[in-house]
Amino acid sequence: MKKIRKGDSVVLLTGRDKGKQGTVTAVLENKLVIEGVNMYKKSVKPNPAAGVTGGMIDKTMPVHISNVALVDGNGKPSRVGIKLVDGKKQRFLKTTGATLSA
């Protein structure tokens, strides 16, 4: 069971965007793509056949899963735990003890 999933609100703990909050848009092997965080400029070659004009674009790059934490109800970073509830695994926040959706 993954502790951080697509759609979760997370905060960055390290790096140049430390403290920024965002929503997870994609989960890769050990990395997460977070909306509006870890943005880089990328140069794109023009391709008239595909309708691409070319130039510089902003691209969201992935962040390692160990560098983020979920945001609890108070807006503070929280670690995630897993416990059994009625024979099923359930995620919960370590700071508040609140359970998360399946």
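Up top is the structure.
Being a predicted model, the structure only gives us computed values, none of them experimental. Counting restarts for each chain, with residues numbered from 1 along the sequence as it is written. Note on the predicted model: pLDDT of at least 70 is required for a residue's local features to be given, and 80 or more for side-chain atom pairs to be given and counted; whole-chain, interface and lining totals, by contrast, use all residues. The side-chain numbers reported here are obtained from all heavy atoms of the structure, hydrogens and water having been left aside.

> How would you summarise the overall build of the protein chain if you had to cite specific residues and measurements?
Going along the chain from the N terminus, every DSSP run of H or I of four or more residues is numbered as a helix, and every run of E of two or more is numbered as a strand. The secondary structure content of the protein chain amounts to zero helices and ten strands. Its helices and strands taken in sequence order, the protein chain reads β-β-β-β-β-β-β-β-β-β from the N to the C terminus. Taking 102 residues into account, the globule formula puts the C-alpha radius of gyration at 13 Å, and the protein chain, at 17 Å, lies well above it. Taking the principal axes of the C-alpha coordinates as reference, the protein chain spans close to 55 × 30 × 20 Å. Type-normalised accessible area, obtained with a 1.4 Å probe on protein chains alone, sets the label of each residue: buried when under 20%, exposed when over 50%, and partly exposed for intermediate values. Residue burial in the protein chain is summarised as follows: out of 102 residues, 25% are buried. The contact definition used throughout considers only heavy atoms, calling two residues in contact when any of these lie within 4.5 Å. Contacts in the protein chain between residues far apart in sequence, at least 24 positions, make up 35% of those at least 6 positions apart. The Shrake-Rupley method, run with a 1.4 Å probe, gives the accessible areas here. Residue values count only the displayed protein chains as cover. Accessible area of the protein chain: about 6900 Å², with a carbon and sulfur share of 52%. Here the globule rule reads 2.2 Å times residues to the power 0.38, and the radius of gyration is calculated from C-alpha atoms.

> Any details on the nonpolar core? Residues and values, ideally.
The nonpolar side chains of soluble globular proteins are, as a tendency, buried together. Definition used in this section: a nonpolar core is a set of buried Ala, Val, Leu, Ile, Met, Phe, Trp, Tyr and Cys residues joined via side-chain atoms within 4.5 Å. I4, V10, L12, V24, L32, I34, V37, V63, V68, L70, V80 and L93 together form the largest nonpolar core, which totals twelve residues. Elements supplying a minimum of two residues to this core: β1 (9–12), β3 (31–34) and β7 (68–71).

> I'd like a rundown of the sheet that holds strand β2 (residues 21–27), residues and numbers included.
Strands are labelled as partners when DSSP assigns at least two bridges between them. Spatial strand order, β6-β3-β2-β1-β7-β8: six strands in an open sheet with antiparallel pairing. The open sheet terminates on both sides in strands that have one partner only, identified here as β6 (63–64) and β8 (77–78).

> I'd like a rundown of the pairing of β3, residues and numbers included.
Across three bridges, β2 lies against β3 in antiparallel orientation. Residue pairing across strands places A26 opposite V33, the latter belonging to β3. Remark: three residues form the turn of the hairpin made by β2 and β3, two consecutive strands paired antiparallel. Of the strand pairs in this sheet, β3 and β6 are connected by two bridges, and their pairing is antiparallel. Bridging from a neighbouring strand, L32 pairs with V63 of β6.

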